[in-house]
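An overview of the molecular structure
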Amino acid sequence: MRLSGKGAFITGGASGLGYGCAEAFLNEGARVVIADVDAEKGAQAAEKLGEKAFFLKLDVSVEEEWVTALREAETWLGKLHTLVNSAGIAFFLDVEKTSLDDWRRMMAVNLDGVFLGCKHGIAPIERAGGGSIINLSSISGIIGGANLAAYNASKGGVRLLSKSVALHCARKGTGVRCNSVHPTFVQTPMVDEFVAKTKNPERTRAALVAQIPIGRIGEPADVAAMAVYLASDESSFVTGAEMVLDGGLSAQ
């Protein structure tokens, strides 16, 4: 039980990587608050996860909602040791086809949301005696894509924001570590939706797999295992790092 006695707050917890992290954390002994903008799916997810999980509605782009949600989470958990910023959106447009509204929406969720989580999450984690902020970025935060202008920018921002937060916390002596996680394609509703919208979904999925040397796309459990490590005391000397989970894609 690597997370026994720890409390965690996970955004985007109604589905995908956030839900996968919540499952893994609970299996390792943590208590978990999942947050999501979709109240119906979030409540269903919390019920499925069991009595050690609790749901709070949260639009990660709204600062006031962060303040309220973290206060309620700390009350329910007793102590907050880990924050996982998993909420995110994606669309596939090159820079010329990306509208300013598209750009701003992507930044609001993917980057502003992480910024606000870090800004307001440090204090409760420090009160708990220290812990971990885990920011889910993407391999697209390290490697560019022609049709990912806004997504690349938002996830690249998460990568460097995480390093700044890590250095701030270390120098201030908060006991809070901060790291970013960079998966490639993972079997989530987001990827399924992208594949389903293409002209030939079967060919598209095969093309995704072909890019990854290990020969498969990722599973939520792959990312959740890394999150468990970063939330655990095993990673007490790890901060400001970027953890790449891409099946060898970026090694080429």
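Values in this document were obtained by computation on a predicted structure and should not be read as measured data.

**A few points about the domain arrangement of the protein**
One frequently used descriptor of interface size is the decrease in accessible area upon assembly of the parts. Looking at the assigned domains, one finds that the protein contains domain 1 (7–183 + 220–237) and domain 2 (185–217). Taking only C-alpha atoms, the centre of domain 1 and the centre of domain 2 are 24 Å apart. Tallying the contact residues gives eleven residues for domain 1 and eight residues for domain 2. When the two sides are added together, the surface that domain 1 and domain 2 hide from each other amounts to roughly 640 Å², 75% of it contributed by carbon and sulfur. By the criterion of area lost to domain 2, the three top residues of domain 1 are F92, P220 and D222, representing 44% of everything that side buries. Scanning the region where domain 1 abuts domain 2 turns up one salt bridge. With a closest N to O distance of 3.0 Å, D222 and R216 form a salt bridge. Counting across the interface, domain 1 meets domain 2 through one residue pair in polar contact (both at pLDDT 80 or more). For the side of domain 1 that touches domain 2, the secondary structure elements donating two or more residues are α1 (16–27) and α8 (220–231).

**So, the layout of surface pockets**
Considered as a void within the structure, the largest pocket measures approximately 1500 Å³ in volume. Lining the largest pocket are 50 residues, and of these G88, I89, A90, M190 and V191 sit closest to its centre. Counting only elements with at least two residues in the lining of the largest pocket, the list comes to α1, β2 (31–36), α4 (100–127), α5 (149–172) and α6 (189–196). No other element matches the five residues that α6 contributes to the lining of the largest pocket. Classifying every residue of the lining of the largest pocket by side-chain character gives 26 nonpolar, 16 polar and eight charged. A domain split of the lining of the largest pocket shows at least three residues from each of domain 1 (7–183 + 220–237) and domain 2 (185–217). One number sums up the size of the second largest pocket: a volume of about 160 Å³. If you go around the second largest pocket, you meet 13 residues; those closest to its centre are R216, G218, D222, L245 and G247. Classifying every residue of the lining of the second largest pocket gives seven nonpolar, three polar and three charged. Split by domain, the residues of the lining of the second largest pocket number at least three in each of domain 1 (7–183 + 220–237) and domain 2 (185–217).

**Observations concerning the pattern of salt bridges**
Tallying each qualifying case throughout the model produces eight salt bridges. A salt bridge links R2 to E234; its shortest N-O distance comes to 2.8 Å. With a gap of 232 residues between them, R2 in the segment before β1 (7–11) and E234 in the loop between α8 and β7 (242–245) connect regions that are remote in the sequence. Looking at E234, the relative accessible area reads 47%, which means it is partly exposed.

**Considering the nonpolar core**
If you look at the biggest cluster of nonpolar residues, it comprises 32 residues, and the most contacted ones within it are F25, V32, I34 and I134. Sorting the residues of this core by element identifies β1, α1, β2, α2 (39–49), β3 (53–57), β5 (131–136) and α8 as the ones contributing at least two each. Discounting chain neighbours no more than four positions away, the residues touching I134 are F25, T82, L83, V84, N85, N179, V181, A227, L230 and A231. A69, L77, L80 and V158 belong to the second largest nonpolar core, which has 27 residues in total.

Scoring rules and cut-offs
Position numbers for residues start from 1 in each chain and track the written sequence from start to end. With pLDDT at 70 or above as the cut-off, local features in this predicted model cover only qualifying residues; side-chain atom pairs require 80 or more to be listed or tallied, and sums for whole chains, interfaces and linings still use all residues. With hydrogens and water stripped out, all remaining heavy atoms of the structure feed into the side-chain values. All the domain ranges listed were derived from an automatic or database domain assignment. Here, two residues are considered to be in contact whenever any of their heavy atoms come within 4.5 Å of each other. By definition, the buried area sums, over both parts, the 1.4 Å-probe accessible area that each loses when the two are put together. Whenever a carboxyl oxygen of Asp or Glu lies within 4 Å of a side-chain nitrogen of Lys or Arg, that contact is scored as a salt bridge. Under this definition, polar contacts are N or O atom pairs within 3.5 Å; protein pairs additionally need one hydrogen-donor-capable and one acceptor-capable atom, and for neighbouring residues in sequence, both atoms have to be side-chain atoms. Helix and strand labels come from DSSP, where a helix needs a run of H or I of at least four residues and a strand needs a run of E of at least two; each type is numbered from the N terminus. The pocket and cavity definitions rest on a 1 Å grid over protein atoms only: a 1.4 Å probe that fits but cannot leave marks a cavity, an open set with protein on both sides within 12 Å along at least five of seven lines marks a pocket, and residues lining either have an atom within 4 Å of a point. Grid points are joined across faces, edges and corners, and a volume is the space filled by probe spheres set on the points. Polar here means any residue other than Ala, Val, Leu, Ile, Met, Phe, Trp, Tyr, Cys and Pro, which are nonpolar, and Asp, Glu, Lys and Arg, which are charged; Gly is therefore polar. A simple rule labels every residue: compare its accessible area, found with a 1.4 Å probe on the protein chains alone, to the largest value its type can have, and call it buried under 20%, exposed over 50%, or partly exposed in between. Here, nonpolar core refers to any group of buried Ala, Val, Leu, Ile, Met, Phe, Trp, Tyr and Cys residues whose side-chain atoms link them within 4.5 Å.

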